[in-house]
Amino acid sequence: MTFKVIVLTDRRLVSIEALPARIAEILAAVPRGSVAIQIREKDLDGGPLLLLTRAILAVTRPLGAPTWVNNRLDVALAANADGVHLPEHGLPLDLARTLAASRLAIGCSRHSPAACLAAAAAGADLVQLGPIHAVPDKGPALGPAALAIARDLPAGTRLVAVGGIDSPARAAEAASAGAHAVAVIRAAWQSEGAPALIASIVQSMK
């Protein structure tokens, strides 16, 4: 995994019908493999989520963008996605690893450095830590200093900063503090200039 930015989908900001084309626009603006897509549609039923995942994979696979499904291990496996991302109170990591075997990378969300270390010890390939900056309804901001936990993670476990990473400056700050990548939502969908903004965020992570 070498991507620098994870773009999380949100159909409240972009409709399901428009998502694949908007993702293609973003991926066309960045170096191949630098951006991953996380399909994060928490309240979408399994059947529609599978259809959406397959439609997005039809775009992302040819463009070299790893594609993860949030929470739904069954959908990730059925669609042959690249990974599954588990919320903090989702499936236990060891059970997800057993069920997925080697077919999927396993990511998870955590909200403290100590929880990140525990998740890495349990076999997570990727841990999203946040919120780094204040985000409505997401609890207190941890601050970039929390990302120093990266130096204590096992080799091969990637630390992703999430929460308020909406500019190249904040992404660069996260990278300097220890993050291997950043996750974005609104920065990817809220303006016509989103592809250029994501490209700038990728560049700032070097």
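Right above here is the structure, for reference.
Just so it is clear, the model here is predicted, and its values are computed rather than measured.

*Asks:* I'd love a proper account of the layout of surface pockets, names of residues and values included.
*Replies:* Looking at the largest pocket, its volume works out to about 1100 Å³. When contributions to the lining of the largest pocket are tallied by element, the ones reaching two or more residues are β4 (83-86), β5 (105-110), β8 (181-184) and α7 (186-189). For the lining of the largest pocket, the class distribution of residues is 14 nonpolar, eleven polar and 13 charged.

*Asks:* Hey, could you go over the packing of helix α1 (residues 19-28) against helix α2 (residues 46-60) for me, with residue numbers and the actual values?
*Replies:* Contact geometry for α1 and α2: axes closest at 9 Å, N-to-C directions at 25°. Between α1 and α2, the crossing angle belongs to the class labelled roughly parallel. Read as a crossing pair, α1 and α2 show a hand that is right-handed. Contacts between α1 and α2 pair L19, P20, I23, A24 and L27 from the former with L52, A55, I56, V59 and T60 from the latter.

*Asks:* Please set out the environment of P154 residue by residue, giving values where relevant.
*Replies:* Secondary-structure assignment places P154 in the loop between β6 (126-129) and β7 (158-162). Each C-alpha atom of the pair P154 and D125 lies 9.5 Å from the other, and the pair is 29 residues apart in sequence.

*Asks:* Lay out the pairing of strand β1 (residues 5-8) with the relevant residues and their values.
*Replies:* With burial as the criterion, each face of β1 is covered, one bearing V5 and V7 and the other bearing I6 and L8. Sheet analysis places β1 next to β8, joined by three bridges and oriented parallel. Along β8, the bridge assignment pairs I6 with A183.

*Asks:* Quick rundown of α2? Include the residues and the values.
*Replies:* For α2, with 15 residues, the first-to-last C-alpha span of 20 Å sits near the 21 Å given by 1.5 Å per residue. Of the residues making up α2, those classed as buried are G46, L49, L50, L52, T53, I56, L57, V59 and T60. Against the buried residues of α2 lie α1, β2 (35-39), β3 (67-70) and α3 (73-79).

*Asks:* Give me the pattern of salt bridges: which residues, what numbers.
*Replies:* The tally for this structure, following the rule as stated, stands at six salt bridges. Among the ionic pairs, R11 bridges to E41, the shortest N-O distance being 3.1 Å. Of the two residues, R11 sits in the loop between β1 and α1 while E41 sits in the loop between β2 and α2, which places them 30 residues apart along the sequence. Residue classification places R11 among the partly exposed positions, given a relative accessible area of 27%. Several salt bridges converge on common partners, so that one network encompasses R11, E41 and D43.

*Asks:* Explain the side chain of T60 to me, using residue names and the numbers behind them.
*Replies:* Inspection of the secondary structure puts T60 in helix α2. In contact with T60, other than residues within four places in its own chain, are I23, L27, I37, A65 and T67.

*Asks:* Please set out the sheet that holds β1 residue by residue, giving values where relevant.
*Replies:* Read once around its circumference, the closed barrel built from eight strands follows the order β1-β2-β3-β4-β5-β6-β7-β8, with strand pairing classed as parallel. Within this sheet the neighbouring strands show an average axis-to-axis angle of 25°, counted without direction. Alignment of β4 against β5, held across four bridges, turns out to be parallel. Its bridge partner being in β5, L86 is matched across the sheet by C108.

*Asks:* Hey, could you go over the packing of helix α6 (residues 168-177) against helix α8 (residues 194-204) for me, with residue numbers and the actual values?
*Replies:* Contact pair α6 / α8: the axes reach a minimum separation of 8 Å and the direction vectors enclose 25°. Between α6 and α8, the angle falls in the class roughly parallel. Judged by the sense of rotation from one axis to the other, the crossing of α6 with α8 is right-handed. Residues P168, A171 and A172 of α6 form the contact with α8, whose own contacting residues are L197, S200, I201 and S204. In the contact of α6 with α8, the residues fall into five nonpolar, two polar and no charged.

*Asks:* Tell me about the environment of S34, residues and numbers included.
*Replies:* Its place among the elements puts S34 in the loop between α1 and β2. For the pair S34 and P144, spaced 110 residues apart in sequence, the C-alpha to C-alpha distance is 22 Å. With residues near it in sequence (within four places) discarded, S34 still touches F3, K4, V5 and V202. At a separation of 2.6 Å, a polar atom in the side chain of S34 contacts the main-chain carbonyl oxygen of P31.

The rules we used
Residues numbered from 1 in each chain as written. Predicted model: local features only at pLDDT ≥ 70, side-chain atom pairs only at ≥ 80, totals over all residues. Heavy atoms only, no water. 1 Å grid on protein atoms, 1.4 Å probe; cavity = no way out; pocket = protein on both sides within 12 Å on 5 of 7 lines; lining within 4 Å. Points joined across faces, edges and corners; volume = space filled by probe spheres on them. Helix = DSSP H or I, 4+ residues; strand = E, 2+ residues; numbered from the N terminus. Nonpolar A, V, L, I, M, F, W, Y, C, P; charged D, E, K, R; others polar. Axes fitted to C-alpha atoms, helices over the stretch in contact; angles between N-to-C directions. Parallel < 35°, antiparallel > 145°, perpendicular 65-115°, else oblique. Left-handed = near helix turned anticlockwise from the far one by under 90°. Contact = heavy atoms within 4.5 Å. Buried < 20%, exposed > 50% of the residue type's maximum accessible area, 1.4 Å probe, protein only. Pairing = 2+ DSSP bridges. Expected span 1.5 Å × (residues − 1). Salt bridge = Lys/Arg side-chain N within 4 Å of Asp/Glu carboxyl O. Polar contact = N/O pair within 3.5 Å; in protein donor to acceptor, adjacent residues only side chain to side chain.

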